[in-house]
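Descriptive structure summary
Okay, here's what each chain looks like letter by letter:
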Amino acid sequence: MRTLKGWTRILLCCSLLLLSLSAANAQGDKLGEPPTMPTPNKEQEIDPGDVISVSTSEVLLPVTVRDREGKLVTTLTRENFRVFEDGKAQPLSDLALRQVPVDVVLMIDASSSAAANLDDFRRAVEGFAAKLGPEDRISLIKFDDSVELIQDWTQSRVQLRRSLNRIVPGVFTRFNDALLLAAREQLKSAHNRHAIIVLTDGIDSGRGYTTIEAALKSLLTAQATVYVVSNTEIERVKKREELDSILSSTPSAVRFNELRIGDLREGLRVLDASETSLAQLTSATGGRLYKPASFDQLDSVYAEVAEELRHQYALYYTPLDKARDGRFRRVKVETTDPSNQVSARIGYFAPSR
Amino acid sequence: MKNIFVKLSLTLMLLSCLSFSALAQQRTEAPLTNAAVIKLVRAGFKEKTVIAIIRSRPTQFDLSPDRLIELKHDGVSENIILAMLSNDNGDIAESDDWGNDPFFKDSPRAKNGDKNNEGETDIFGMSGGSNSRVKQRGAGGSSGGDTQSTGSATVRILRPPTEAGGTPKLERTPTLTNDSIVELVEAGFSEGTIVRRIEQSPADFDLTPQKLVELRRRHVSDRVIAAMTAAMSDDSSTGAKPQSSNP
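This one's a predicted model, so the numbers in the text were calculated from it and none came from an experiment. (Residues numbered from 1 in each chain as written. Chains lettered and ligands numbered in written order. Predicted model: local features only at pLDDT ≥ 70, side-chain atom pairs only at ≥ 80, totals over all residues.)

Let's talk about the confidence of the model for chain B
All names here are of chain B. Here chain B shows a mean pLDDT of 65. Residues at 70 or above account for 48%. Note on residues 89-96: pLDDT is under 50 here. Beyond four places in sequence and across chains, it has ten contacts. The low-confidence segment residues 236-246, where pLDDT is below 50, has 30 contacts with residues more than four positions distant or belonging to other chains. The complex model carries a pTM of 0.64, and its ipTM stands at 0.71. (pLDDT = per-residue confidence, 0-100. Contact = placed C-beta atoms within 7 Å.)

Topic: the sheet that holds strand β4 (residues 97-98) of chain A
Think of a sheet as strands paired side by side through backbone hydrogen bonds, with each pair either parallel or antiparallel. All names here are of chain A. The four strands lie next to each other as β4-β11-β1-β13, forming an open sheet whose pairing is antiparallel. In this open sheet, the two edge strands, each paired with only one partner strand, are β4 and β13 (341-343). As paired elements, strand β1 (residues 59-66) and strand β11 (residues 313-317) share five bridges and run antiparallel to each other. Bridged to L61 within β11 is L315. (Pairing = 2+ DSSP bridges. Helix = DSSP H or I, 4+ residues; strand = E, 2+ residues; numbered from the N terminus.)

Description of the pairing of β11(A)
Both faces of the sheet carry side chains from a regular strand, because those side chains alternate between them. Residues and elements named next belong to chain A. Side-chain alternation along β11 places Y313, L315 and Y317 on a buried face and A314 and Y316 on a face that remains uncovered. Bridge analysis of β4 against β11 gives two bridges, and the strand direction is antiparallel. Of the residues in β11, the one forming a bridge with L97 is L315. (Buried ≥ 20, exposed ≤ 12 C-beta atoms within 10 Å, placed from the backbone.)

Focus on helix α8 (residues 258-285) of chain A
Helical periodicity: at 3.6 residues per turn, an α-helix aligns residues three or four positions apart in one direction. Its 28 residues place the ends of α8(A) 41 Å apart at the C-alpha level, agreeing with the 40 Å of an ideal helix rising 1.5 Å per residue. Of the residues one or two after α8(A), A:G286 is the one with positive phi, at around 85°. (Expected span 1.5 Å × (residues − 1).)

Concerning the packing of helix α2 (residues 118-130) of chain A against helix α9 (residues 298-310) of chain A
All names here are of chain A. Following both chains from N to C, one finds α2 and α9 inclined at 30°, their axes separated by 8 Å at the closest point. Here α2 is positioned roughly parallel relative to α9, judged by the angle of their axes. Considering how the two elements wind past one another, α2 and α9 form a crossing that is right-handed. Along the contact surface, α2 presents D120, F121, R123, A124, V125, G127 and F128, while α9 presents L298, D299, Y302, A303, V305 and A306. (Axes fitted to C-alpha atoms, helices over the stretch in contact; angles between N-to-C directions. Parallel < 35°, antiparallel > 145°, perpendicular 65-115°, else oblique. Left-handed = near helix turned anticlockwise from the far one by under 90°.)

Side note on unusual backbone geometry
What you tend to see is this: most non-glycine residues have negative phi, and most peptide bonds are trans. Residues and elements named next belong to chain A. Backbone geometry places D86, a non-glycine residue, at a positive phi of 50°. When you line up the elements, D86 lands in the loop between β2 (81-85) and β3 (88-90). By the C-beta count within 10 Å, which is 15 here, D86 ends up partly exposed. Of note, the phi angle at Q223 is positive, near 55°, even though the residue is not glycine. For Q223, the position within the fold is in the loop between α5 (212-221) and β9 (224-230). Q223 gets classed as buried once you count the C-beta atoms within 10 Å, which come to 22.

Right, dumping it as structure tokens:
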């Protein structure tokens, strides 16, 4: 009996002790806050002069305009554009349209079927490089289970060709990491237009650190236009053919291949979802999603991207909202001819203090 | 009476545990600030411990130059400041209004939050058996029209575990220059190794006559110079190509 009584006391004491400790902790021992009275942190002190700082920094918007038939419109002037930021029209100066070189990060998914068709990729890239301007630069990133800068910025076609020979197929896909790193590490310069052209199926293996939203945020921060050359259509055709072939066989064969059928259907579903995601990614950055039906078409697709980059408008404006608050600001670009299709990124992040 | 005591004690114990777990939860969610780092340093934690804490927690640092100077004055070491900077770079600010942008309202990612949505797929790593409805288009006329098939297959897509913590890193193959070749020669690497390295690396060699003389003076062999020349040969920059005509 004594033992039970003793245990009861011990339990009661422990409980009271724990409760009092947790209450004390809850009051102010969080790592992010001081333990005493809620006095303002040093870092939260606001210098009145810092609340709103005026910046003359301009926003560069690469804009592509196509007519209703999808052909590039290349003859517009400043008067033909309207820019809205968070719904408010922004003034465009006489220097709103300028010629700006482009820095292009070429990216290849070395884990997808693209890696098995490297000759097509090499040919397409060399053709693409040949269409760029004298001040344009190219770098090359390969991604699979790692993200590797195979070639830093170059204007040399020989170095580019040599770098293409260094691509070796890998496994797994850090697609989101690759986008984030391309944006953060390679597209730091604020002077040139930034573009990324990536050959991939867009299916991230989930081995990396980055979400697609975070990657997109980095891309918008880097002011990069993303073009995706997706091999999803090529993969889809392969899977469909196999699926149709199995489904058209005898009932016993269908039963025997039940697992494979499920696998193929799941694969098709993943491809659909990936395409939706890639379409959003490219649309948000003002780029485009290409879905060639075969690797033979890479030449023409890369040539089309080069053509688009050469005829892209570099539209500059100084935002009316000059607060350096780091906030995301939505941007919309229109042309005076409403039938035109305008591609521009959906917004940008204001600089922070 | 004793029973009441026992019950009361157990209830209090349970309450304590609950409050602790709630507190722990709150802790894991509270981002680490400059002030918290200063507090840890002043509390006498070792540098590597503070860095480990920084890397394992969400952060919300103010790393403007003035605040960095303050951190330094408050005794925060440069290694810790570097860790803060590195963590801040890797930190994805999803707490701002960015995530609420209408653009994401219809994204597959947003929809994936609702696992009950039929037929939707998390392309960023899926697992488990599927109970899906697939809307198929006919492929090459082999199966025309929309078909609806209910899958019962168990498909498991392998998703290896992500390394804990950290930020992604861009691996770089260093670009070789004249100096790096001289360094390799002086370090005693064989001709064959250096040549292979040249063949497998980006290169930016200066092979003007003066530089070639210097390379030879620094004991770079003809074979290595030949490999360097091959790496740069036939070089035609994009400058020879048509002008960019962006309007």
